[in-house]
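Per-entry structural report
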Amino acid sequence: MNGITLHYVIGGQGSPVVLLPGWPETWWSWHKIMPGLAKSHTVISLDIRGMGQSDKPTEGYEKKVLASDVHELVKALGYKKADVVGHDIGSMVAFAYAANFPDATGKVVMLDVPHPDAELAKWPLLPTVGTFGDRIDENHAYPWWFAFHQVKGLPEDILEGRQEIEQKWFFRYLMKDESKIDARDRAVYAAAYASRDAIRAGNAWYQAFPQDILDDGIYAKLEMPVLALGGPGYVWLKTTLERKATDLKAFKIADSGHFIAEEQPEETLKYITDFLK
């Protein structure tokens, strides 16, 4: 698609649903809910540009470009329209898909993270006193890695071959129950981000934020149905989408951290399947 090769996993029968993962994961992040969705939908779980087994070019990490990749894939699979479900970076891509290709969008589900906008550029460089520890403070989130990933080259030098050290910290910081991502899951994600190219590509999604913010400024409100599901990012997601979607349903997933589809797969599946009916 768009001059690159994309990797996806497909199964089930029925109307198409595209699942878009976030950092630092791959299509595998949806594996707990894919079988349930596949009972009534054709499920397409995608490694977006730069992720997993998909190509990792040097450019094209703006969310509108990633959305274009998804749109080309949907067309190549023979569909005129698809429902799109995204988490984290994938949630940003889901929004960009709906904003740029509304006629090709059925319903949209966004988990924990909205598309970058002007408010994101105002986030503080330093944490509030007493709020930053080894578990996220939902009222004072401190995503220091948003800035760290802006640096080109240095993260690759630091993390190549030992990405699992950073991932271990993030799973602890962002999850209520980190055991829900088990040893096999961790091995999958560590392998996916072990190489220098994989680290560079993952950082590029963040380095595109300034352009994503400019793009967001010209998008019209989403007119199709939108479902927002949040853990730590619930308030951020809900308040942002209240300004950007005309038909919004929002729910906070109790006892869930950031990785909702893995921590609370049954509840997540129920919300999504009920919404997509």
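Above this text you will find the structure in question.
Basis of the calculations
Residues numbered from 1 in each chain as written. Predicted model: local features only at pLDDT ≥ 70, side-chain atom pairs only at ≥ 80, totals over all residues. Heavy atoms only, no water. Pairing = 2+ DSSP bridges. Helix = DSSP H or I, 4+ residues; strand = E, 2+ residues; numbered from the N terminus. Axes fitted to C-alpha atoms, helices over the stretch in contact; angles between N-to-C directions. Contact = heavy atoms within 4.5 Å. Buried < 20%, exposed > 50% of the residue type's maximum accessible area, 1.4 Å probe, protein only. Lys, Arg positive; Asp, Glu negative; His and termini not counted. Salt bridge = Lys/Arg side-chain N within 4 Å of Asp/Glu carboxyl O. Core = buried A, V, L, I, M, F, W, Y, C linked by side-chain atoms within 4.5 Å. Expected span 1.5 Å × (residues − 1). Arc of directions from axis to C-beta. 1 Å grid on protein atoms, 1.4 Å probe; cavity = no way out; pocket = protein on both sides within 12 Å on 5 of 7 lines; lining within 4 Å. Points joined across faces, edges and corners; volume = space filled by probe spheres on them. Nonpolar A, V, L, I, M, F, W, Y, C, P; charged D, E, K, R; others polar.

1. Description of the sheet that holds strand S1 (residues 7–12)
The pairing of strands in a sheet comes from backbone hydrogen bonds and takes either a parallel or an antiparallel form. Read from one edge of the open sheet, 7 strands run S1-S3-S2-S4-S5-S6-S7, paired in mixed fashion. Sheet topology places S1 and strand S7 (248–252) at the edges, where each strand pairs with a single neighbour. On average, each strand axis in the sheet is inclined to that of its neighbour by 15°, with strand direction left out of account. Bridge analysis of S1 against strand S3 (residues 41–47) gives 6 bridges, and the strand direction is antiparallel. Its bridge partner being in S3, Gly12 is matched across the sheet by Thr42. Contacting strand S5 (105–111), strand S6 (226–230) and S7, helix H10 (residues 234–244) runs over the sheet at an angle of about 170° to S7.

2. So, the side chain of Asp185
Note that Asp185 resides in helix H7 (residues 183–192). Lys32 provides the closest opposite charge to the buried, salt-bridge-free Asp185, at an N-O distance of 4.9 Å. With sequence-adjacent residues up to four places away left out, Asp185 is seen in contact with Trp28, His31 and Lys180.

3. Thoughts on the nonpolar core
Formed by 78 residues in total, the largest nonpolar core has its most connected members in Leu20, Ile89 and Trp205. For this core, the element with the most residues is helix H3 (residues 89–100), which contributes 8 residues. Discounting residues that sit within four places of it in the chain, Ile89 has contacts with Pro21, Gly22, Trp23, Ile48, Lys63, Trp205, Tyr206 and Phe209.

4. What to know about the pattern of salt bridges
One pass over the structure, following the stated rule, counts 19 salt bridges. With its nearest N and O atoms 3.6 Å apart, the salt bridge here joins Lys176 to Glu138. On the criterion of sequence distance, the pair formed by Lys176 in the loop between helix H6 (163–174) and H7 and Glu138 in the loop between S5 and helix H4 (145–148) is long-range, its members being 38 residues apart. Among the salt bridges present, the one from Lys270 reaches Asp274, with a minimum N-O distance of 2.8 Å. Here Lys270 pairs with Asp274, and both are found in helix H12 (residues 265–276), just 4 residues apart, close to one helical turn. Classification of Lys270 as exposed rests on a relative accessible area of 54%.

5. Focus on unusual backbone geometry
Between Trp23 and the following residue, Pro24, the backbone shows a cis peptide bond with an omega angle of 0°. Within the secondary structure layout, Pro24 lies in the loop between strand S2 (15–20) and helix H1 (34–37). Phi at Asn2 is positive, roughly 55°, even though this residue is not glycine. When you line up the elements, Asn2 lands in the segment before S1.

6. Quick look at H12
Over its 12 residues, H12 runs 16 Å from end to end, which matches the ideal 16 Å to within 8%, given 1.5 Å per residue. Among all positions in H12, only Thr268, Leu269, Ile272, Thr273, Phe275 and Leu276 are buried. Taken end-on, H12 shows its buried residues confined to a sector of 160°, consistent with a single buried face. Exposed residues pointing more than 90 degrees away from the buried face of H12 are listed as Glu266 and Lys270.

7. Let's talk about the pairing of S6
Within S6, 5 of the 5 residues are buried, which leaves the element mostly enclosed by the surrounding structure. Judged by which residues are buried, S6 turns out to be covered on both faces: Val226, Ala228 and Gly230 on one side and Leu227 and Leu229 on the other are all buried. Judged from the 5 bridges that link them, S6 and S7 form a sheet pairing that is parallel. If you follow Ala228 over to S7, its bridge partner there is Ala250.

8. Here we look at the layout of surface pockets
Taken as a whole, the largest pocket encloses approximately 1,000 Å³ of empty space. Among the secondary structure elements, those contributing two or more residues to the lining of the largest pocket are H3, H4, helix H9 (209–216) and H10. Space inside the second largest pocket adds up to approximately 240 Å³. In terms of lining, the second largest pocket is formed by 14 residues, of which the most central are Thr58, Tyr61, Lys152, Ala204 and Gln207. The element that contributes the greatest number of residues to the lining of the second largest pocket is helix H8 (residues 196–207), accounting for 4 residues. Of the residues assigned to the lining of the second largest pocket, the class counts are 3 nonpolar, 6 polar and 5 charged.

Interpretation note: all reported values are geometric properties and have no functional meaning in isolation.
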